[in-house]
Amino acid sequence: MSNKKKIRFMCTAFRDGFQSVYGARVFTKDFMPAVAAAREAGITHFEAGGGARFQSLYFYTNEDAFDMMDEFRRVAGPDANLQTLARGVNIVGLDSQPRDMIKLHAELFKKHGMTTIRNFDALNDVNNLIDSGNAIHNAGLKHEVTVTMMSLPEGVTGAHDPDFYERILKEIIAAKIPFDSLCFKDASGTSTPHVVYETIKRARKLVGPNMNIVFHSHETAGVSIQQYMAAIEAGASQVDLSMSPVSGGTCQPDIITMWHALRGTDYTLDIDIEKVKKAEKVFEDCMADYFLPPEATKVNPEIPFFPLPGGALTANTQMLRDNNLMDKYPQIVAAMGETVAKGGFGTSVTPVSQFYFQQAFNNVMFGPWKKFAEGYGKMVLGYFGKTPVAPDPEVVKLASEQLHLEPTTEKVVDINDRDPKKGVAAAKAMLEAEGLPLTDENIFIAGACKEKGILYLTGKAKVNGVRLKSQMKAAEPKAEAKPANANHEYTVTVGGKAYGVKLQGGKAIVNGVEYPLNVEDGIKAASSAPKKVTKTTGSTEVKAPMPGLALRFNVKVGDTVKKDQVLCVMEAMKMENEIYAPCDGVVSAIVATQGAQLQAGDVLMTIGGTVVEEVVEEAPAPAAEAPKAPAASGSTNITAPMPGLALRFNVNVGDAVKKDQVLCVMEAMKMENEIYSPCDGTVASINVNQGDQLQGGDVIMTLA
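This structure is a prediction, so every number in the text was calculated from the model and none was measured.

### Re helix H15 (residues 374–381)
Phase 1: Taking burial as the measure, the eight residues of H15 include six buried ones, the bulk of the element.
Phase 2: Listed in full, the buried residues belonging to H15 are Gly375, Tyr376, Gly377, Met379, Val380 and Leu381.
Phase 3: In this fold, the buried residues of H15 make contact with helix H13 (329–343), helix H14 (352–366) and helix H16 (393–403).
Phase 4: Trailing H15 by a residue or two, glycine 382 shows a phi angle of about 100°, which is positive.

As structure tokens, this is what we get:
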């Protein structure tokens, strides 16, 4: 073994592994025994936080990321190399930040026990690495500067070849960004072994024999071991490896798999394989109660044709299933090649990977370049930095027209430094408004997580989105008889929606709303009475172009509308989709209701035609239909249009409001959704609290 060259490795199981399989939603207490077991097996280099494992603790597990890092250091020991991931000027959030937040990020991660920060920019814009890299270095941390990689769709050229990666590395060196190690990061696992070999070979010549060169990939495309072997042969001194059950598939290859691949070669991981096997068994036991999505364990042979990162693949396919659109998946991924090429060849890694997929989705559903996803549009206009090559001029022109933004070449941090809604001062104002202590940690949590960070700090946040098998099983209906409920409190599930029902005296309390109650033996037909209904003939129907949620209506019956006027907004695939009038006319009927889940082709409203009234016998209401919350005489209930989090209230009880005024904001699918007032009035009551998890139809407030 002494004649073999030792290949270093970082264990990514407890950061990238969690993101790629569980959406980063794992409780600290559940995996720390596995960290201890890995340390016992001789592993000393761990990915311990950052990236998605910062915000997710506040958003989902209701934990403090700084406490998690402190505990990781305690368990891993004082000499472990604990590494985190940063997204350049985005640091550990989805939005970019000004310089004071970038500096605070590095100082706090140093304070809470981290050793190294891997720092990347999805566009390979070196300007986005300068301030972030200097902040990491000045805080006393090791800076691992990163070049991001992927392959382009078949037949597409222009970037992401050895010449391109060599140029980016030369720009990093010329910018005099201090770094202690160099990483080549392929989040989609699509770079060919040949490109990996040539890229690492050239990098070794540029940085000399002593620099630590790291190669990172995912097994999603099925070539990660070949990539790793090519990188090692070309001069890489470190690779990233994971542990079962978060290895292979959408994750990094397993430590044991890499050990096996190196057998009989001139290289070794220099590990005690039996101890590593025991550590993996401990980890599997730790994660036994977490739901393992089947797609996270598979190699997808189509990935090289649409470079989706491991963690993003399952998120997007699940959204398609949620909206009954999986039949569109082949068309969407086929359209990604064009969005990559015309978007300027940014690397398919957070957040650019999502931009590509969303724009491809829009191009399929609405027609090529008819509707821009906001992130993609801002990217081609320069608001995330400089793309590797210039985006298609016609796409830039269309994005500018649709988003009403001019292209920019200004540095992202300079734009952010002027933004009064970003930075330390804005975060302090949020804390002061809630009477929270102005600690550095609180300032950073507020600045990086906004309202959700404040919900956590005020104790209003709740655990959500952690998928445990035990909880999923407990939620399943039981076939056996149940004992009598002495408290007369029940959870009744109708049509897939759960209602909390409490029977008390002569009333029923359903989801916190009281209703009169009368119970009689036997089933009696509900009384019915003649009812006048309106029908429209000879009209133009406005139909849903896709499955999705009826999110917001901009018109009402009787309004005069013009062709191409926005009539309403549907939400699908994390995006708001505006529905336009196909002609001039008067709105004669609105068929859909806010919050309704629609299928493609469902009629939303009609324009023009003749409205007639018919008298029909009203059918009895189905017994399973839950009662709607009654509004007091002359009042209007404001209901949640979708499941989500009550994120922010803009009004108080007693406030006078105007029609179309924003009353509150809900968060769903990582997007903020504004709830508008349907009329003028006064806020009579607010029925939910900030931080509450709401279901579609829940009453948020009442207007008098």
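Moving on from the model shown.
### Some thoughts on the sheet that holds strand S21 (residues 585–590)
Phase 1: If you walk across this open sheet you meet the four strands as S16-S23-S21-S18, and the pairing is antiparallel. For this open sheet the edge positions go to strand S16 (540–543) and strand S18 (560–561), each flanked by a neighbour on one side alone.

### Observations concerning the side chain of asparagine 119
Phase 1: Examined against the element boundaries, asparagine 119 turns out to sit in strand S5 (residues 116–119).
Phase 2: Within the structure, the side chain of asparagine 119 is placed 3.1 Å from the backbone nitrogen of glycine 88, a separation counted as a polar contact.
Phase 3: Each residue touching asparagine 119, except ones within four places of it in the same chain, is listed here: Ala86, Arg87, Gly88, Leu129, Ser132, Gly133, Ile136, His143, Glu144, Val145 and Thr146.

### Some words on the nonpolar core
Phase 1: Of all hydrophobic cores here, the largest spans 161 residues; its most connected members are Phe14, Phe54, Phe72, Phe184, Met243, Tyr376 and Phe444.
Phase 2: With ten residues, helix H19 (residues 440–457) is the largest single contributor of residues to this core.
Phase 3: When near neighbours in sequence (up to four residues on either side) are disregarded, phenylalanine 444 contacts Phe54, Phe66, Ile91, Val92, Met101, Leu104, His105, Leu108 and Phe109.

### Digging into the packing of H15 against H16
Phase 1: Axis separation between H15 and H16 bottoms out at 9 Å; the angle between their running directions is 125°. When the interaxial angle is binned, H15 and H16 end up oblique. In this structure, H15 crosses over H16, and the sense of that crossing is left-handed. For the pair H15 and H16, the contacting residues are Glu374, Tyr376, Gly377, Lys378, Val380 and Leu381 in the first and Val395, Val396, Ala399, Ser400 and Leu403 in the second.
Phase 2: Looking at the contact of H15 with H16 residue by residue, the class counts come to seven nonpolar, two polar and two charged.

### Let's talk about the pairing of strand S4 (residues 81–86)
Phase 1: Taking burial as the measure, the six residues of S4 include five buried ones, the bulk of the element.
Phase 2: Where strand S3 (residues 45–50) and S4 come together, five bridges link them in parallel fashion. In the sheet register, phenylalanine 46 faces S4, and the bridge partner there is leucine 82.
Phase 3: Once the chain exits S4 it traverses helix H5 (residues 99–111) before rejoining the sheet at S5, and the crossover so formed is right-handed.

### Overview of the sheet that holds strand S32 (residues 699–703)
Within a beta sheet, neighbouring strands are joined by backbone hydrogen bonds and run either parallel or antiparallel to one another.
Phase 1: The four strands are arranged S25-S32-S30-S27 in an open sheet whose pairing can be described as antiparallel. Of all strands in the sheet, those with a lone pairing partner are strand S25 (636–639) and strand S27 (656–657), marking the two edges.

### With respect to the environment of valine 657
Phase 1: Note on placement: valine 657 falls in strand S27.
Phase 2: Residue classification places valine 657 among the buried residues on the basis of a relative accessible area of 3%.
Phase 3: Sequence separation between valine 657 and serine 677 is 20 residues; the distance between their C-alpha atoms is 7.4 Å.
Phase 4: Apart from residues lying up to four places away in sequence, valine 657 is in contact with Val651, Leu663, Ser677, Cys679, Asp680, Gly681, Val683 and Leu703.

### Digging into unusual backbone geometry
Phase 1: Of note, the amide linkage connecting serine 244 to proline 245 takes the cis form, showing an omega dihedral of 15°.
Phase 2: At asparagine 124, a residue that is not glycine, the phi angle is positive and equals roughly 55°.
Phase 3: Checked against the element boundaries, asparagine 124 lands in the loop between S5 and helix H6 (127–138).
Phase 4: One non-glycine residue, tryptophan 369, adopts positive backbone phi at about 65°.
Phase 5: Mapped onto the elements of the fold, tryptophan 369 is located in the loop between H14 and H15.

### Some remarks on the side chain of arginine 118
Phase 1: Mapped onto the secondary structure, arginine 118 falls in strand S5.
Phase 2: Among the polar contacts listed, one links the side chain of arginine 118 to the side chain of aspartate 240, at a separation of 2.7 Å.

### A short note on the pattern of salt bridges
Phase 1: What the rule picks out here adds up to 31 salt bridges.
Phase 2: With its nearest N and O atoms 3.1 Å apart, the salt bridge here joins lysine 342 to glutamate 338. You can see lysine 342 and its partner glutamate 338 sitting in helix H13, four residues apart, about one turn around the helix.
Phase 3: A residue is classified by how much of its surface remains accessible, and lysine 342, at 27% relative accessible area, is partly exposed.
Phase 4: Here aspartate 692 ties to lysine 462 by a salt bridge, and the two come within 3.3 Å at their closest N and O atoms. With a gap of 230 residues between them, aspartate 692 in the loop between strand S30 (681–686) and strand S31 (693–694) and lysine 462 in the loop between H19 and helix H20 (469–474) connect regions that are remote in the sequence.

### Quick word on the packing of aromatic side chains
Phase 1: Going through the model one piece at a time under the given rule, you end up with 26 aromatic pairs.
Phase 2: For the pair phenylalanine 54 and phenylalanine 66, a centre-to-centre distance of 5.6 Å together with 75° between the ring planes defines the contact as edge-to-face. Of this pair, phenylalanine 54 sits in helix H3 (residues 52–61) while phenylalanine 66 sits in helix H4 (residues 65–76), placing them twelve residues apart in sequence. Comparing phenylalanine 54 with phenylalanine 66 shows no difference in burial state: the two are buried.
Phase 3: Taking the centre distance of 6.3 Å and the plane angle of 65° together, the rings of phenylalanine 66 and phenylalanine 444 count as edge-to-face.

### Quick word on the environment of alanine 429
Phase 1: Within the secondary structure, alanine 429 is located in helix H18 (residues 424–433).
Phase 2: On the accessibility criterion, alanine 429 (41% relative accessible area) is partly exposed.
Phase 3: With 17 residues separating them along the chain, alanine 429 and alanine 446 place their C-alpha atoms 9.6 Å apart.

The rules behind these values
Residues numbered from 1 in each chain as written. Predicted model: local features only at pLDDT ≥ 70, side-chain atom pairs only at ≥ 80, totals over all residues. Heavy atoms only, no water. Buried < 20%, exposed > 50% of the residue type's maximum accessible area, 1.4 Å probe, protein only. Helix = DSSP H or I, 4+ residues; strand = E, 2+ residues; numbered from the N terminus. Contact = heavy atoms within 4.5 Å. Pairing = 2+ DSSP bridges. Polar contact = N/O pair within 3.5 Å; in protein donor to acceptor, adjacent residues only side chain to side chain. Core = buried A, V, L, I, M, F, W, Y, C linked by side-chain atoms within 4.5 Å. Axes fitted to C-alpha atoms, helices over the stretch in contact; angles between N-to-C directions. Parallel < 35°, antiparallel > 145°, perpendicular 65-115°, else oblique. Left-handed = near helix turned anticlockwise from the far one by under 90°. Nonpolar A, V, L, I, M, F, W, Y, C, P; charged D, E, K, R; others polar. Right-handed = clockwise from strand over helix to strand, strands pointing away. Salt bridge = Lys/Arg side-chain N within 4 Å of Asp/Glu carboxyl O. Phe/Tyr/Trp six-rings, centres within 6.5 Å; stacked < 30°, edge-to-face > 60°.

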